[in-house]
Amino acid sequence: MSRAVLAVMAGLLCTLAGMRHANRLRYDANRLKRWTEVLSHLELLLSEATLSIPQALCAAADSHLQPDILLRTMASAIQAQPLLSLEEAFLHCSQESTEKPTLVRLFSRLGRGSKENRCLAVHQAAQELEFLAQGAANKAEKDTKLWQTLGFIGGACLTILLL
C-alpha cells in the first residue's frame, strides 16, 4: 500500500514540477510587460519635471507587482541615504533577472543629465524591455503547454514505473 502511495506522490511531484516551470514562464513574461508599463509612466512623469526622481519612482509604481515594489524600495533607500546613486540603489535592491542589464544602464543614466536625456534613457529602456517582453510572451505561449504536458506525462510514466 505504501509503495503505491509513494509512486503516486512521485508522479504528482513530477506533474507539479512541469506546472511550476510553465507558471514561471508566464510570470517572467508578465513581469517584463509590467516593466514596460511602469517605464512609460515614469517617462511621462519625468517629462513633466514636477517631481523629484524618488517621488517619480513612487508615483510610477502604482501596483503591487514586483517591478513596482522594486521601484518603491529604491525610492525609500534613496530617501534614507541621499548620497546613494540610483544605480547603487537598484543594484542593492534588485535580484538577477533578464531585464537587469537594461535597468542597470537605465538607472546609471537616469541619475544625471538633463530632463530630455533622462526621458530618452527611460524611453530607450522601455523599448528594449518591450522587445524582451514580446520574446518572453512568445516563449511562454509556446512552451507553457509543452511543460504542462511533459510534467503530466512524466508523472504518469514515473507512477507506472514505480508501481
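See above for the structure.
Below you will find a few notes about this structure. Worth saying up front: this structure is predicted, and the values here are computed from it rather than measured.

Here is what the cut-offs are and how they apply
Residues numbered from 1 in each chain as written. Predicted model: local features only at pLDDT ≥ 70, side-chain atom pairs only at ≥ 80, totals over all residues. Heavy atoms only, no water. Helix = DSSP H or I, 4+ residues; strand = E, 2+ residues; numbered from the N terminus. Rg over C-alpha atoms; globule rule 2.2 N^0.38 Å. Contact = heavy atoms within 4.5 Å. Areas by Shrake-Rupley, 256 points an atom, 1.4 Å probe, with all protein chains shown as cover. Lys, Arg positive; Asp, Glu negative; His and termini not counted. Charge placed at Lys NZ, Arg CZ, Asp CG, Glu CD. Core = buried A, V, L, I, M, F, W, Y, C linked by side-chain atoms within 4.5 Å. Buried < 20%, exposed > 50% of the residue type's maximum accessible area, 1.4 Å probe, protein only. Polar contact = N/O pair within 3.5 Å; in protein donor to acceptor, adjacent residues only side chain to side chain. Salt bridge = Lys/Arg side-chain N within 4 Å of Asp/Glu carboxyl O.

## Structural notes on the overall build of the protein
Helices and strands together make up the secondary structure of the protein, namely six helices and zero strands. Shown N-terminal to C-terminal, the secondary structure of the protein runs as helices and strands in the order α-α-α-α-α-α. The C-alpha radius of gyration computed for the protein amounts to 21 Å, which surpasses the reference 15 Å derived for 163 residues by more than 25%, pointing to a less compact arrangement than a globule. Its C-alpha atoms put the protein at 70 × 30 × 25 Å along the principal axes. By sequence separation, contacts in the protein at least 24 residues apart represent 62% of the contacts at least 6 residues apart. Within the structure as shown, the protein displays about 9,800 Å² of accessible surface, and the carbon and sulfur contribution to it stands at 62%. Of the side chains in the protein, 17 bear a positive and 15 a negative charge, and the two mean positions are spaced by 7 Å.

## Digging into the nonpolar core
Residues Leu39, Leu42, Leu57, Met74 and Phe107 are the most contacted members of the largest nonpolar core, which totals 38 residues. Among the elements of the structure, α1 (2-48), α2 (53-60), α3 (66-80), α4 (86-93), α5 (100-110) and α6 (115-162) are those that each provide at least two residues to this core. Non-local contacts of Phe107, meaning those with residues more than four positions away in its chain, are made with Leu57, Leu71, Met74, Leu86, Glu87 and Phe90.

## Thoughts on the environment of Val38
Its location among the elements puts Val38 in helix α1. Judged by relative accessible area, which is 0%, Val38 ranks as buried. Excluding anything up to four places from it in sequence, Val38 contacts Ala60, Asp68 and Leu71.

## Some points on α5
Of all eleven residues in α5, eight are buried, a share of seventy percent or more. Residues of α5 that are buried include every one of Lys100, Thr102, Leu103, Val104, Leu106, Phe107, Ser108 and Leu110, and no others. Looking at the buried residues of α5, the elements they touch are α1, α2, α3, α4 and α6.

## Some words on the side chain of Arg31
Looking at where Arg31 falls in the secondary structure, it is placed in helix α1. By relative accessible area, which is 7% here, Arg31 ends up buried. A distance of 2.8 Å separates a polar atom in the side chain of Arg31 from a polar atom in the side chain of Glu99. Those residues in contact with Arg31 that sit more than four places away from it in its chain are Arg24, Gln66, Pro67, Ser97, Thr98 and Glu99.

## Topic: the pattern of salt bridges
Taken as a whole and assessed by the stated rule, the structure comprises nine salt bridges. Put simply, Lys33, Arg34, Glu37, Asp62 and Asp68 are held in one network by salt bridges that share partners.

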